[in-house]
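Working through the structure, step by step
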Amino acid sequence: MSKPIYESLLSQRALKMKGSVIRELLKLTQKPEIISFAGGLPNPLAFPVEKIHHIINDLIKDRPQIMMQYGSTEGVPELREEIAKRLKNKWNMDGDADNILITVGSQQGLDLLGRVFIGHDSTIIMEAPTYLGALNAFNVYDPNIVSIPLDDSGLMVDRLEEYLASMQKHSIQLKFIYTVPTFHNPAGVCMNLPKRKKLIDLSHEYDFIIVEDDPYGELRYHGDPLPTLASMDKEGRVIYLGTFSKTLVPGFRVAWTFGPKPIIDKMGIAKQAIDLCTPPFTQHIAKEYLKRGYIDKHLNNIIDLYGRKQRIMAKAMDEKMPKEYIRWPVPEGGMFLWATLHENINTSDMFHDAITENVAYVIGSAFHADGSGTNCMRLNFTHADDDKIVEGVGRLSGVVEKWGKEMVDKAPTTTEKEVITGI
Ligand code: PMP
Ligand code: G9A
């Protein structure tokens, strides 16, 4: 018997699946000599190990069986209640435990949204750039993705409006728009208040749903908080994704989707077929962490730590980067700086040189549905040690300088190009 030809057995869906650039990079950047600004990793110093240790001890003493048993698909009821309370207190979002589905990371929330909304040829709108993990999650379900660009104040809602009008004219139904309005991944920007209002108005006028993905909303280092889209919505048009990955620990894989009950119920049914339930063990720990009132103090510590790291990276960039070839706004929070290089510099080609210099970033094209953004890169500032941030920026500046000199300064002028190509 010969071995099966696996490729011919795979479904069209599996054949189309692409590995995540970030996940692949994570393997590469495990090497100790590499200073990685690639993965969006929280800093281990921000993990409240001692408190978690106490909680686990208490829970194991008091009621170990509950944590070790299967749980309900929707999630541990007390955790859902605690989250609903916190969303009300912190963001003025109206809802209760029934509006919440606990998921294995918000990455699972994205997959569930794909499952329940996207059929072959459904149209969805995403930002350009957008979160790579959302692109990967939705692409499995084969949607038409329309990309609307961002500017310094977030999604360009005027462009969105033009697009919506043309969709309406051609009777194209929009399934949802996916946005990371607060401290965008990868761009770092925040959607300003007028744009938030306009987006909600447009959702009424054109009858669509907004997916608000908000892992970074609580990581604000300066400036005033903005309301979540979910708190501004009075018609049940916003589905909000939150997670403990950036505010507690990512290894728990505990996150939540908050939204209208019929949608939460449908996502719950879809989840039954995937994993039956999110592990109760880590849900119970997260619930206790909230109940004991630890989270806000802990958030202040994280904000101090990450705010400092952001300043260190911004200062090093300011001092070392060759500004004729690169620019980068410094956002008010989140985990990333998004840099745009001269259009002649392809960050994917440049990446090999960066790795040779033992420094890593994520290439800009990974965050674009159409592979554009080739002259951009994302730098994470939360994970590396302070001195490594400075050293890594120094290494990267050398690489950018070299590529700038080769690709920009030495690039042929138009007249030279005409001579060379004979156009
Ligand atoms: N959405 C966005 C915008 C993210 O940046 C991330 C993680 N980097 C996720 C979702 C997934 O987070 P998790 O699955 O860890 O909750
Ligand atoms: O480890 C991951 O894949 C989550 C990180 C996401 C990111 O880097 O944006």
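Residues numbered from 1 in each chain as written. Chains lettered and ligands numbered in written order. Predicted model: local features only at pLDDT ≥ 70, side-chain atom pairs only at ≥ 80, totals over all residues. Heavy atoms only, no water.

A look at the overall build of the chain
In terms of regular secondary structure, the chain is built from 17 helices and 14 strands. Counting over 423 residues, the chain shows a buried share of 53%. For the chain, the exposed surface amounts to about 19800 Å²; the carbon and sulfur share of it is 53%. (Helix = DSSP H or I, 4+ residues; strand = E, 2+ residues; numbered from the N terminus. Buried < 20%, exposed > 50% of the residue type's maximum accessible area, 1.4 Å probe, protein only. Areas by Shrake-Rupley, 256 points an atom, 1.4 Å probe, with all protein chains shown as cover.)

Describing the sheet that holds strand S11 (residues 336-341)
In spatial order, the strands read S10-S11-S14-S13; together these four strands make up an open sheet with antiparallel pairing. The two strands at the open ends of the sheet, each matched to only one other strand, are strand S10 (326-327) and strand S13 (362-363). Here two bridges tie S13 to strand S14 (residues 376-380), and the two strands are oriented antiparallel to one another. Bridged to Val-362 within S14 is Arg-378. (Pairing = 2+ DSSP bridges.)

Observations concerning the site of ligand 1
Close to ligand 1 lie 14 residues; Ser-106, Asp-213, Tyr-216, Thr-243 and Ser-245 are nearest. Within the backbone of Gln-107, an N or O atom sits 3.0 Å from an oxygen atom of ligand 1. The contact in question runs from an oxygen atom of ligand 1 to an N or O atom on the side chain of Asn-185, over 2.8 Å. Summarising the interface, the protein chains cover 91% of the accessible area of ligand 1, which totals 400 Å² for the free molecule. The greatest single-element share of the shell around ligand 1, amounting to three residues, is contributed by helix H7 (residues 105-117). Counted by class, the shell around ligand 1 contains five nonpolar, six polar and three charged residues. (Near = heavy atom within 4 Å. Polar contact = N/O pair within 3.5 Å; in protein donor to acceptor, adjacent residues only side chain to side chain. Nonpolar A, V, L, I, M, F, W, Y, C, P; charged D, E, K, R; others polar.)

Focus: the environment of Arg-378
Relative to the elements of secondary structure, Arg-378 occurs in strand S14. Arg-378 gets classed as buried once you look at its relative accessible area, which sits at 1%. Remark: the alpha-carbon pair of Arg-378 and Phe-336, spanning 42 residues in sequence, is separated by 6.5 Å. Polar contacts involving the side chain of Arg-378 include one to the main-chain carbonyl oxygen of Ala-38, which spans 2.7 Å. For Arg-378, the side chain forms a polar contact with the side chain of Asn-185, separated by 2.8 Å.

A short note on the domain arrangement of the chain
Domain parsing of the chain yields domain 1 (10-47 + 297-409) and domain 2 (49-294). The centre of domain 1, based on its C-alpha atoms, is set 25 Å off from the matching centre of domain 2. In this complex, domain 1 contributes 33 residues to the contact, which on the side of domain 2 involves 35 residues. Taking both partners together, domain 1 and domain 2 bury about 2900 Å²; carbon and sulfur atoms supply 64% of that area. Our count for the contact surface shared by domain 1 and domain 2 stands at two salt bridges. (Domains from an automatic or database assignment. Contact = heavy atoms within 4.5 Å. Buried area = accessible area lost by both parts, 1.4 Å probe. Salt bridge = Lys/Arg side-chain N within 4 Å of Asp/Glu carboxyl O.)

Concerning the confidence of the model for the chain
Looking at the chain as a whole, the pLDDT averages 94, with 97% of positions reaching at least 70. This model gives residues 416-423 a pLDDT under 50, and the stretch forms five contacts once residues within four places in sequence are excluded. (pLDDT = per-residue confidence, 0-100.)

Quick look at the pattern of salt bridges
This model, assessed by the stated rule, comprises 27 salt bridges. With its nearest N and O atoms 2.7 Å apart, the salt bridge here joins Glu-332 to Arg-220. In this pair, Glu-332 is assigned in the loop between S10 and S11 and Arg-220 in the loop between strand S7 (209-213) and helix H11 (229-232), connecting sequence segments 112 residues apart. As a salt-bridge pair, Glu-319 and Lys-315 come within 3.2 Å of each other at their nearest N and O atoms. Placement of both Glu-319 and Lys-315 in helix H14 (residues 295-320) is noted, with a separation of four residues, approximately one turn of the helix. Among the residues examined, Glu-319 registers a relative accessible area of 54% and is labelled exposed. The exposure class assigned to Lys-315 is exposed, which follows from its relative accessible area of 54%.

Let's talk about the sheet that holds strand S3 (residues 123-128)
If you trace the eight strands from one edge of the open sheet to the other, you get S2-S9-S8-S7-S6-S3-S4-S5, paired in mixed fashion. For this open sheet the edge positions go to strand S2 (100-104) and strand S5 (154-155), each flanked by a neighbour on one side alone. Sheet topology note: the S2/strand S9 (residues 254-258) ladder contains five bridges and is antiparallel. Residue pairing for S9: Val-104 is matched across the bridge by Val-254.

Here we look at the environment of Tyr-178
Among the structural elements, Tyr-178 can be located in strand S6 (residues 174-179). Separated by 68 residues in the primary sequence, Tyr-178 and Leu-110 have C-alpha atoms spaced 9.7 Å apart. Contact partners of Tyr-178, with chain neighbours within four places excluded, come to Leu-110, Ile-125, Met-126, Glu-127, Thr-130, Tyr-131, Ala-134, Phe-138, Val-211 and Asp-213. Among the polar contacts made by the side chain of Tyr-178, one reaches the side chain of Asp-213 at a distance of 2.6 Å.

Some remarks on the packing of helix H9 (residues 157-169) against helix H10 (residues 193-206)
Two elements in contact, H9 and H10, have axes whose closest approach is 10 Å; the angle formed by their N-to-C orientations is 5°. When the axes of H9 and H10 are compared, the pair comes out roughly parallel. Of the residues in H10, those touching H9 at Val-157, Leu-160, Glu-161, Leu-164, Ala-165 and Gln-168 are Lys-195, Lys-198, Leu-199, Leu-202 and Tyr-206. (Axes fitted to C-alpha atoms, helices over the stretch in contact; angles between N-to-C directions. Parallel < 35°, antiparallel > 145°, perpendicular 65-115°, else oblique.)

Remarks on the packing of aromatic side chains
For any pair of aromatic rings, the description rests on two quantities: the centre-to-centre distance and the angle between the ring planes. Inspection of every chain in the model, using the stated rule, returns nine aromatic pairs. Measuring from ring centre to ring centre gives 5.9 Å for Phe-117 and Phe-176, while their planes differ by 70°; the resulting arrangement is edge-to-face. Here Phe-176 lies in strand S6 and Phe-117 lies in helix H7, a separation of 59 residues in the sequence. Here Phe-176 falls in the buried class, since its relative accessible area comes to 0%. (Phe/Tyr/Trp six-rings, centres within 6.5 Å; stacked < 30°, edge-to-face > 60°.)

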